[in-house]
Amino acid sequence: MDVIYRYDPFAPLVPREVTDTESALARLLGGNQRFGELVGRLQERTMGRGSDEPLVIPMCPVAWGLPLFQGQVLSQTPFAAILACSDARVPTETIFDQWFNDLFVLRLAGNVLGAECLGSLHYAIKHLAESLELVVVLGHSNCGAVQAAVSTYLSPTNFADIAYTYSLRSLIDQIQIAVRGSAHALHEEGGSRIRTDEKYQELLTATAVYVNAAVSALELRRELTERKARQPVVFGVYDFGTLSVKALPGAVGSATNLAAFLGAAPANPDELSAYAREVARAVLRMNE
Ligand SMILES: [Zn+2]
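Predicted, not measured: the structure shown is a model, and the values here were computed from it.

(A) Quick peek at the coordination of the zinc ion. Bound to the zinc ion are the protein donor atoms Cys85 (SG), His140 (NE2) and Cys143 (SG), situated 2.0 to 2.3 Å from the metal. Along the chain, the residues donating to the zinc ion are arranged with the sequence spacing C-x54-H-x2-C. In this pair, Cys85 is assigned in the loop between strand E3 (80-84) and helix H2 (92-95) and Cys143 in the loop between strand E5 (134-140) and helix H4 (144-154), connecting sequence segments 58 residues apart.

In structure tokens, the structure reads:
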């Protein structure tokens with residue numbers, strides 16, 4: 001099966017059309033769906049199924065955020081700022097099928113919100129305000145940083161290795177609040193017997209990945225509200241199993257349900273707690 005990039009220099013130029021939050025969300029959703037379909041199609045072929053017709057991907061420098069002519073330098077005009085994890089399996093532009101000049105990306109292990117990271121986002125909000133329509137926090141399933149935080153929560157003896165390095169410790173400490181909140185939510189939704197479930201560590205990690213993204217989103221929303229930024233903060237989790245981004249475990253986003261793809265950041269601690277319980281319910285339901 002051939003995958004072909006095709007450029008027709010005489011075809012009409014198609015500029016990026018993102019004019020508001022909704023079109024920014026729709027563009028990210030469309031890109032994530034294209035990415036999932038492409039990988040799905042390749043995996044089908046691996047199994048000898050599906051069509052082996054060539055897959056042609058139209059290519060246009062303007063639509064890809066590249067200069068049309070040699071020597072041109074474009075100004076920076078991302079439509080979304082994204083705080084994501086450094087995990088090598090989650091390249092931000094690729095999973096949203098976006099190209100040059102589309103996304104202002106910050107990647108830190110566990111997608112935690114540090115001071116320098118916040119400074120970069122403030123820069124984007126201030127200097128790229130015209131094109132920027134959205135701020136996104138993106139977690140992912142099986143996140144190593146969240147797994148480490150869960151492990152130190154459940155087995156404090158493991159803390160010695162992490163305590164050795166201040167920088168690593170501060171990273172794990174930042175995720176602890178999400179882990180504790182997730183443990184509480186699982187207890188509320190699943191009863192006290194949940195802690196003795198043989199899959200408890202797995203359930204706690206699955207819940208904490210979502211809650212951790214929500215914690216960063218809540219903090220970021222508060223920061224941006226104080227600065228009177230017009231861009232809303234949304235969040236979600238990239239799931240390795242389905243290659244899709246979702247606001248809740250098992251949710252399926254669509255053009256008519258963008259909130260299932262990336263949800264609005266909690267406005268206050270009560271909304272965060274309610275969200276943690278919703279995630280715990282979904283995780284427990286999927287484990288039945
Ligand atoms: Zn990660």
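Now that the structure has been shown, we can carry on.
(B) Structural detail: the side chain of Thr205. Within the secondary structure layout, Thr205 lies in helix H7 (residues 200-226). A residue is classified by how much of its surface remains accessible, and Thr205, at 9% relative accessible area, is buried. Within polar-contact distance, the side chain of Thr205 engages the backbone oxygen of Gln201 at 2.8 Å. Apart from the residues within four sequence positions on either side, Thr205 is in contact with Val146, Gln147 and Val150.

(C) Structural context of the nonpolar core. In this structure, Leu121, Val135 and Leu220 are the most contacted members of the largest nonpolar core, which totals 55 residues. Among the elements that make up this core, the one with the highest residue count is H7 (14 residues). Discounting residues that sit within four places of it in the chain, Leu220 has contacts with Leu113, Leu118, Leu121, Val135, Val137 and Val233. Residues Val18, Ala24, Leu29 and Phe96 belong to the second largest nonpolar core, which totals 24 residues.

(D) Region of interest: the environment of Phe261. Relative to the helices and strands, Phe261 resides in the loop between strand E7 (244-246) and strand E8 (263-264). Measuring from C-alpha to C-alpha, the distance between Phe261 and Lys246 comes to 4.3 Å, with 15 residues separating the pair along the chain. Residues contacting Phe261, with those up to four places away along its chain left out, are Leu25, Leu28, Leu29, Asn32, Phe96, Phe235, Gly236, Val245, Lys246, Ala247 and Gly253.

(E) Molecular detail of the pairing of E5. Within E5, seven of the seven residues are buried, which leaves the element mostly enclosed by the surrounding structure. Strand direction decides the pairing type here: E3 and E5, joined by five bridges, are parallel. Note on E5: the bridge partner recorded for Ile82 is Val136. As judged from the six bridges shared by E5 and strand E6 (residues 233-239), these two strands associate in the parallel manner. In the strand pairing of E6, Gly139 is matched with Val237.

(F) Structural context of the packing of aromatic side chains. With the rule as written, the count across this model stands at seven aromatic pairs. Ring plane angle 85° and centroid distance 5.3 Å describe the contact between Tyr5 and Trp64, whose orientation is recorded as edge-to-face. Highlighted residues: Tyr5 in strand E1 (residues 3-6) and Trp64 in the loop between strand E2 (55-58) and E3, separated in sequence by 59 residues. The buried category is assigned to Trp64, whose relative accessible area is 11%. Judged by centre distance (3.8 Å) and plane angle (5°), the rings of Trp64 and Trp99 are stacked. You can see Trp64 sitting in the loop between E2 and E3 and its partner Trp99 sitting in the loop between H2 and strand E4 (103-107), a full 35 residues away along the chain. On the basis of relative accessibility, which here comes to 29%, the residue Trp99 falls in the partly exposed class. Members of the aromatic cluster, joined through ring pairs, are Tyr5, Trp64, Trp99 and Phe100.

(G) Structural view of the pattern of salt bridges. This structure, assessed with the given rule, holds ten salt bridges. Across the pair Arg277 and Glu188 runs a salt bridge whose closest N-O atoms are separated by 3.1 Å. Linking Arg277 in helix H8 (residues 269-287) with Glu188 in helix H6 (residues 166-190), this pair joins segments that are 89 residues apart in sequence. Since its relative accessible area comes to 38%, Glu188 is described here as partly exposed. Measuring nitrogen to oxygen at the nearest pair gives 2.7 Å for the salt bridge that ties Arg277 to Glu189. Here Arg277, found in helix H8, pairs with Glu189, found in helix H6; they are 88 residues apart in sequence, far enough to count as distant.

Conventions and cut-offs
- Residues numbered from 1 in each chain as written.
- Predicted model: local features only at pLDDT ≥ 70, side-chain atom pairs only at ≥ 80, totals over all residues.
- Heavy atoms only, no water.
- Donors = N, O, S within 2.8 Å, 3.2 Å for Na, K, Ca; no water.
- Helix = DSSP H or I, 4+ residues; strand = E, 2+ residues; numbered from the N terminus.
- Buried < 20%, exposed > 50% of the residue type's maximum accessible area, 1.4 Å probe, protein only.
- Polar contact = N/O pair within 3.5 Å; in protein donor to acceptor, adjacent residues only side chain to side chain.
- Contact = heavy atoms within 4.5 Å.
- Core = buried A, V, L, I, M, F, W, Y, C linked by side-chain atoms within 4.5 Å.
- Pairing = 2+ DSSP bridges.
- Phe/Tyr/Trp six-rings, centres within 6.5 Å; stacked < 30°, edge-to-face > 60°.
- Salt bridge = Lys/Arg side-chain N within 4 Å of Asp/Glu carboxyl O.

Don't take any of this as a statement about function, it's just geometry.
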